Amino acid sequence: MVAVVLLVLGVNQYVDATYSDPSASPTLGIVLVAAAGVMLVGSAVLSGIGYVKQRADLKKVRTYDDLG
């Protein structure tokens, strides 16, 4: 949720700095978009790791009695 807000704010800041005020630097917008990207990629990676660990744990617990 925070990453989405940062992404929206970053894009808004970048567009304002680029098109509305050409003398302004779009650095803040780029930083916000980069931070949002890092957060989104990080959350996707952590979710993937959690999924793989959960699947591995499920495979360890199963016995032949569970399958029958």
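Provided above is the structure to which this section pertains.
Quick summary incoming for the structure in this document. (Residues numbered from 1 in each chain as written. Predicted model: local features only at pLDDT ≥ 70, side-chain atom pairs only at ≥ 80, totals over all residues. Heavy atoms only, no water.)

Examining the overall build of the protein chain
Rules: Secondary structure is summarised from DSSP: a helix means a run of H or I of at least four residues, a strand means a run of E of at least two, and numbering begins at the N terminus for each. Buried means the residue's accessible area, taken with a 1.4 Å probe over protein chains only, is under 20% of the maximum for its type, while exposed means over 50%, and partly exposed covers the values in between. The Shrake-Rupley method, run with a 1.4 Å probe sphere, supplies the accessible areas, and residue values consider only the shown protein chains as cover.
Across its full length, the protein chain holds three helices and zero strands. Here the protein chain holds 68 residues, and 10% of them are scored as buried. As presented, the protein chain carries roughly 5500 Å² of accessible surface, and 68% of it is formed by carbon and sulfur atoms.

So, the environment of Met39
Rule in force here: We call two residues in contact when some of their heavy atoms are within 4.5 Å.
Along the polypeptide, Met39 turns up in helix H2 (residues 27-61). Residues Met39 and Val4, 35 residues apart in the sequence, show an inter-C-alpha distance of 9.2 Å. When neighbours within four sequence positions are excluded, Met39 is seen to be in contact with Val2, Ala3 and Leu6.

Quick look at helix H1 (residues 2-20)
Where we set the bar: Given the number of residues in a helix, its expected span is that number minus one, multiplied by 1.5 Å. The directions from the helix axis to the C-beta atoms are what the arc is built from.
For H1, spanning 19 residues, the distance from its first C-alpha to its last is 26 Å, which sits close to the expected 27 Å at 1.5 Å a residue. For H1, the set of buried residues is Ala3, Leu6, Gly10 and Ala17. All buried residues of H1 fall inside an arc of 65° around its axis, so they share one side. Residues of H1 that are exposed and point over 90 degrees away from its buried face: Val8, Tyr19 and Ser20.

Observations regarding a nonpolar patch on the surface
Rules: Here a patch means residues that are over 30% exposed by relative accessible area and free of salt bridges, tied together within 9 Å if like-charged and within 5 Å if nonpolar (Val, Leu, Ile, Met, Phe, Trp, Tyr). Whenever Lys or Arg places a side-chain nitrogen within 4 Å of a carboxyl oxygen from Asp or Glu, that contact is recorded as a salt bridge.
Taken together, the side chains of Val4, Leu7, Val8, Val11, Tyr14, Val15, Tyr19, Ile30, Val33 and Leu40 present a nonpolar region at the surface, about 860 Å² in accessible area. At the level of elements, H1 and H2 are the ones that each hand at least two residues to the nonpolar patch. Among the elements that make up the nonpolar patch, the one with the highest residue count is H1 (seven residues). Along the polypeptide, Val33 turns up in helix H2. Residue Val33 is classed as partly exposed on the basis of its relative accessible area of 30%.

Focus: the environment of Leu7
Summarising the element assignment, Leu7 is placed in helix H1. Overall, the relative accessible area of 33% leaves Leu7 in the partly exposed class. Not counting residues up to four positions away in its chain, the partners in contact with Leu7 are Val33 and Ala36.

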